[in-house]
Amino acid sequence: MNLFPQDKRNSFPRFYFLGDDDLLELLGQASRDADVIQRHIRKLFPGCHSLSIRQTGDNPSEGQIYSIMAVHSAEGDELKLGQPVEMKGDIEHWLNQLVTVVQDTLRDQIHECYTSTTGGSDNLTEKILQNYASQVLATARALHFTRQTEQAIGGMSLPKLRQQLKDEINHLAAMKQRSQSGSLISIKLRALLLDLVHYSGVVEQLQQNNVVHTTDWHWLCQLRYYFGRGDRTSGAAANANRQVCVRMVYAEFEYAYEFLGQASKLVHTRLTHRCYLILTQAMHMGLGGNPFGPAGTGKTECVKALGAMLGRLVLVFNCDENVDTESMSLILTGLARCGAWGCFDEFNRLQEATLSSISMLIQPIQSALKERSGSVQIGERQVQLNQHCGIFVTLNPAGAEYGGRQKLPGNIQALFRPIVMQQPEPGEIARVMLFVEGFAAASAIASRIVELFDLCGKMLSAQRHYDWGLRELKTVLLVCGEGLRGRLAGEEASDSDASAEMSVVVQCLRASTMSKLAPQDVLRFEMLLRNVFPEIGSASAPETALHQSLSAAFGQLGLCRSERQMEKALQLHEQLQKRMGVVVVGPPGCGKSTVMALLRQALSGHQQLRVHTISPKSMSRVQLLGRLDADTRQWQDGVLTHTAVVVNQEPPHMHSWIVCDGSIDPEWIEALNSVLDDNK
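Residues numbered from 1 in each chain as written. Predicted model: local features only at pLDDT ≥ 70, side-chain atom pairs only at ≥ 80, totals over all residues. Heavy atoms only, no water.

**Q** Before we go on, may I ask you to explain the packing of aromatic side chains in this structure?
**A** A ring pair, where both rings are aromatic, is described by two values, the distance of the centres and the angle of the planes. One pass over the full model with this rule turns up eleven aromatic pairs. Ring geometry for F12 versus F15: centroids 5.0 Å apart, planes at 70°, classification edge-to-face. For the pair F12 and F15, a shared accessibility class is recorded, and that class is buried. Residues W341 and F392 carry aromatic rings whose centres are separated by 4.7 Å and whose planes lie at 50° to one another, so their mutual orientation is tilted. With W341 in strand β9 (residues 341-345) and F392 in strand β12 (residues 390-394), this residue pair connects regions lying 51 residues apart in the sequence. Like F392, W341 is buried. (Phe/Tyr/Trp six-rings, centres within 6.5 Å; stacked < 30°, edge-to-face > 60°. Buried < 20%, exposed > 50% of the residue type's maximum accessible area, 1.4 Å probe, protein only. Helix = DSSP H or I, 4+ residues; strand = E, 2+ residues; numbered from the N terminus.)

So, in structure tokens, the structure goes:
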């Protein structure tokens with residue numbers, strides 16, 4: 001292996017997650033060309049989408065000097081750094097400084113936000129929402145909730161606290177309704193409301209169980225946030241008093257202050273709570289966590305959500321046959337050095353011999369974490385160990401339904417606490433999500449949507465592409481939220497009664513579902529929809545500008561106008577607005593390519609659209625997806641992965657489609673599962 005990149009990776013551990021080509025580009029140009037670091041920053045700091053960089057000097061020998069003033073999330077959330085980071089000298093040095101400054105800034109802002117909002121919701125003004133990042137607001141509110149609840153338990157005033165939380169929820173819901181749809185303020189309020197609904201449920205549970213001591217199990221088993229209870233040997237005393245510590249039962253974790261941007265929050269249910277509880281206790285005992293169960297039950301999402309609540313960097317790796325012991329050793333070395341969590345998805349797709357040898361790499365890391373050692377032996381390397389490191393695996397059960405999976409060997413099973421993920425509670429998830437999206441009749445509508453999905457799973461035909469589970473439910477709920485915001489944007493808020501909300505939901509259900517139904521199921525679905533929502537008629541969706549563009553596209557392409565093709569083009573556009581990956585299914589000659597050509601022509605007048613067409617069946621799996629070079633241990637891109645890299649580097653005004661034209665083969669389509677799911 002080339003020692004130069006390896007030395008640089010040891011100097012800045014996040015370089016372990018970059019290929020040699022990206023690393024050499026950064027090392028050679030980043031200090032002189034600000035655009036280079038902007039292109040690669042998301043690979044080093046996943047929560048950071050861009051940097052605020054400004055020129056602060058001019059050195060005759062080094063040229064222009066740039067300084068990083070702030071970091072931004074993809075949604076526009078900004079974290080203004082406590083001090084500028086000059087981009088001069090060796091890149092690994094100022095990137096290490098950037099990590100430290102971001103952590104110090106988050107630590108100071110969380111303490112400042114906690115102090116300035118001590119009065120509760122009345123002090124949560126729009127100015128505070130604008131001044132602090134969502135991560136800062138959520139962590140400060142979690143600290144408040146812990147303090148308020150322990151005071152209420154000691155003073156036997158839990159009913160009063162529950163009422164305060166209800167008032168705060170109503171206050172923030174009113175603020176969200178007044179805010180502009182899709183604005184950053186609205187996004188922050190949505191995240192806070194998800195937390196507050198959970199806090200209200202916790203207090204209700206404490207009341208029901210007559211909790212009168214803070215040592216009661218029903219309070220100990222909650223995630224609790226404190227100041228200054230962490231390990232103070234790792235930092236200065238001044239920082240120790242501002243160090244956030246998170247406890248669950250008797251497990252204790254220091255908050256890691258990784259900038260996460262708008263980390264996706266899950267609705268808290270009994271399943272997610274049980275998963276968080278088992279994961280935290282596993283780490284407390286020096287073990288990893290192994291959530292397993294059917295697809296779409298939230299295995300990877302729970303690991304990512306828990307990591308976000310602890311301020312950790314969580315990296316998800318999709319395991320396939322290319323992963324061997326040496327490549328896993330490099331990944332684990334990077335995780336150990338930078339203190340990140342590694343979540344290895346589809347872990348039981350690895351070969352049994354590989355799994356057994358990997359256990360010999362993971363076990364020393366877990367032992368060192370339990371003993372709080374400063375270093376660990378990984379293979380032949382002696383590696384510095386950051387105590388924030390964590391290792392988790394998620395997998396589908398081995399069996400006929402999931403091909404290519406196998407049972408984990410005993411030596412691997414012994415390193416991970418298993419968590420069965422089988423009951424995601426769709427009713428509770430739908431109720432909370434609809435409430436947070438602004439629906440006044442959230443409970444009634446949620447129960448009807450869940451009932452409709454249950455009936456569809458039982459009464460419609462069995463098609464392999466049908467999904468009536470949690471993934472599709474969450475997608476539909478988010479679309480309903482967008483539909484309600486669009487309706488309120490054109491009407492007075494008072495017009496949003498239960499009937500109007502149900503009308504929006506029915507329209508969104510039709511738009512989201514009709515495109516995937518087989519012809520024999522269309523009438524059945526309409527019948528079920530009318531039975532579940534009898535008060536709503538079957539009014540057609542209003543005509544949009546896209547209708548006119550599609551009508552013109554027929555003539556521009558020399559085609560005869562077809563209402564069916566126009567309908568399918570509209571449905572394809574609808575799905576592309578909600579998903580990163582869309583499959584157009586049908587027999588040869590049914591017009592799949594024509595529908596895509598129509599939509600492309602219609603959209604070309606409004607945006608710059610580029611299409612990359614690949615025939616996956618014309619090449620081997622290695623040529624399509626790439627391979628791991630046995631000599632350099634570096635990933636070599638295939639046709640599809642190279643195209644994805646090219647598209648990712650295109651300017652924001654450019655929109656691209658990557659079209660895999662041909663029959664779907666599990667050999668290559670399954671490799672896209674984790675990628676599409678993680679970028680949905």
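**Q** Looking at this model, I keep getting lost on the side chain of Q222. Mind explaining?
**A** Positionally, Q222 belongs in the loop between α9 (217-220) and β4 (224-227). Look at Q222 and you get buried, because its relative accessible area is 5%. With residues near it in sequence (within four places) discarded, Q222 still touches H198, V202, Q205, R247, M248 and H273. (Contact = heavy atoms within 4.5 Å.)

**Q** Sorry if this is basic, but what is going on with helix α21 (residues 545-556) here?
**A** Given 3.6 residues per helical turn, the α-helix brings residues three or four places apart onto the same face. For α21, built from twelve residues, the straight-helix expectation of 16 Å at 1.5 Å per residue is met to within 8% by its first-to-last C-alpha distance of 17 Å. What α21 keeps buried is the set L546, H547, S549, L550, A553 and F554. When α21 is viewed along its axis, its buried side chains cluster within an angular range of 165° and face the same direction. Among the exposed residues of α21, those oriented more than 90 degrees off its buried face are A545, G555 and Q556. Taken together, the buried residues of α21 touch α22 (563-578) and α23 (592-603). Within two residues after α21, G558 carries a phi angle of roughly 70°, on the positive side. (Expected span 1.5 Å × (residues − 1). Arc of directions from axis to C-beta.)

**Q** Can you help me understand the pattern of salt bridges in this one?
**A** Pairs can form between side chains of opposite charge once their charged atoms are near each other. Taken as a whole, this structure holds 27 salt bridges when the rule is applied. Note that K88 and E86 form a salt bridge whose closest N and O atoms lie 3.2 Å from each other. The partly exposed category is assigned to E86, whose relative accessible area is 32%. Measuring nitrogen to oxygen at the nearest pair gives 3.2 Å for the salt bridge that ties E567 to R564. Here the residue E567 and the residue R564 both occupy positions in helix α22, the gap between them amounting to three residues, near one helical turn. Ionic contacts of the salt-bridge type, sharing partners, join the residues R510, E526 and R530 into one network. (Salt bridge = Lys/Arg side-chain N within 4 Å of Asp/Glu carboxyl O.)

**Q** Sorry, what's going on with a nonpolar patch on the surface here?
**A** Taken together, the side chains of V583, V585 and I664 present a nonpolar region at the surface, about 290 Å² in accessible area. Topologically, V583 is positioned in the loop between α22 and α23. (Patch = residues over 30% accessible without salt bridge, like charges linked within 9 Å, V, L, I, M, F, W, Y side chains within 5 Å. Areas by Shrake-Rupley, 256 points an atom, 1.4 Å probe, with all protein chains shown as cover.)

**Q** What is the right way to read the pairing of β12 from this model?
**A** Taken residue by residue, a regular strand's side chains alternate between the two faces of the sheet. When you tally the buried positions in β12, you get five out of five residues, the bulk of the element. Side chains G390, F392 and T394 project from β12 onto one buried face, and the interleaved I391 and V393 project onto a second face that is buried too. Relative to β12, β9 is paired through five bridges, and the arrangement is parallel. Residue G342 lies in a different strand from β12, and its bridge partner there is I391. (Pairing = 2+ DSSP bridges.)

**Q** Got a minute to help me understand the sheet that holds β4 in this structure?
**A** Across a sheet, paired strands are connected by hydrogen bonds in the backbone, their directions being either parallel or antiparallel. Ordered by their spatial adjacency, three strands build an open sheet running β4-β5-β6, and the pairing between neighbours is antiparallel. The open sheet has two edge strands, β4 and β6 (251-254), and neither has a second partner. Pairs of neighbouring strands in the sheet enclose a mean axial angle of 30°, with direction left out of account. Across four bridges, the pairing between strand β5 (residues 244-248) and β6 is antiparallel. Looking across to β6, one finds that V246 is bridged to F253. (Axes fitted to C-alpha atoms, helices over the stretch in contact; angles between N-to-C directions.)

**Q** What is the right way to look at the packing of α21 against α22 in this model?
**A** Remark: α21 packs on α22, axes separated minimally by 11 Å, with the N-to-C direction vectors making an angle of 130°. Here α22 runs oblique to α21, going by the angle between their axes. Of the two elements, α21 crosses α22, and the hand of that crossing is right-handed. On α22, the residues that touch L546, H547, L550, S551 and F554 of α21 are Q565, M566, A569, L570 and H573. Here the residues of the contact of α21 with α22 sort into six nonpolar, four polar and no charged. (Parallel < 35°, antiparallel > 145°, perpendicular 65-115°, else oblique. Left-handed = near helix turned anticlockwise from the far one by under 90°. Nonpolar A, V, L, I, M, F, W, Y, C, P; charged D, E, K, R; others polar.)

**Q** Before we go on, may I ask you to explain the nonpolar core in this structure?
**A** Soluble globular proteins: nonpolar side chains tend toward being buried together. Within the largest apolar cluster, 135 residues are counted, with the highest numbers of intra-cluster contacts made by F15, F45, L95, L306, L434, I449 and F533. Other than its neighbours up to four places away in sequence, L306 contacts L223, Y276, L279, T280, M283 and W341. (Core = buried A, V, L, I, M, F, W, Y, C linked by side-chain atoms within 4.5 Å.)

**Q** So what exactly am I meant to see when it comes to the pairing of β9 here?
**A** Counted residue by residue, β9 has five buried out of five residues, so it is predominantly covered. Of the two faces of β9, the one holding W341, C343 and D345 and the one holding G342 and F344 are both buried throughout. Relative to β9, strand β8 (residues 314-318) is paired through five bridges, and the arrangement is parallel. Opposite N318, over in β9, you have D345 as the bridge partner. Once you follow β8 into helix α13 (residues 325-338) and on to β9, the crossover reads as right-handed. (Right-handed = clockwise from strand over helix to strand, strands pointing away.)

**Q** Quick question: what am I supposed to make of unusual backbone geometry here?
**A** Of all residues except glycine, most have a negative phi; of all peptide bonds, most are trans. One non-glycine residue, Y257, adopts positive backbone phi at about 60°. The class for Y257 is buried, based on a relative accessible area of 2%. Look at R372: it is not a glycine, yet its phi comes out positive at around 55°. Topologically, R372 is positioned in the loop between α14 (352-370) and β10 (375-378). R372 sits in the exposed class, given a relative accessible area of 52%.

The values are spatial; any link to function lies outside them.
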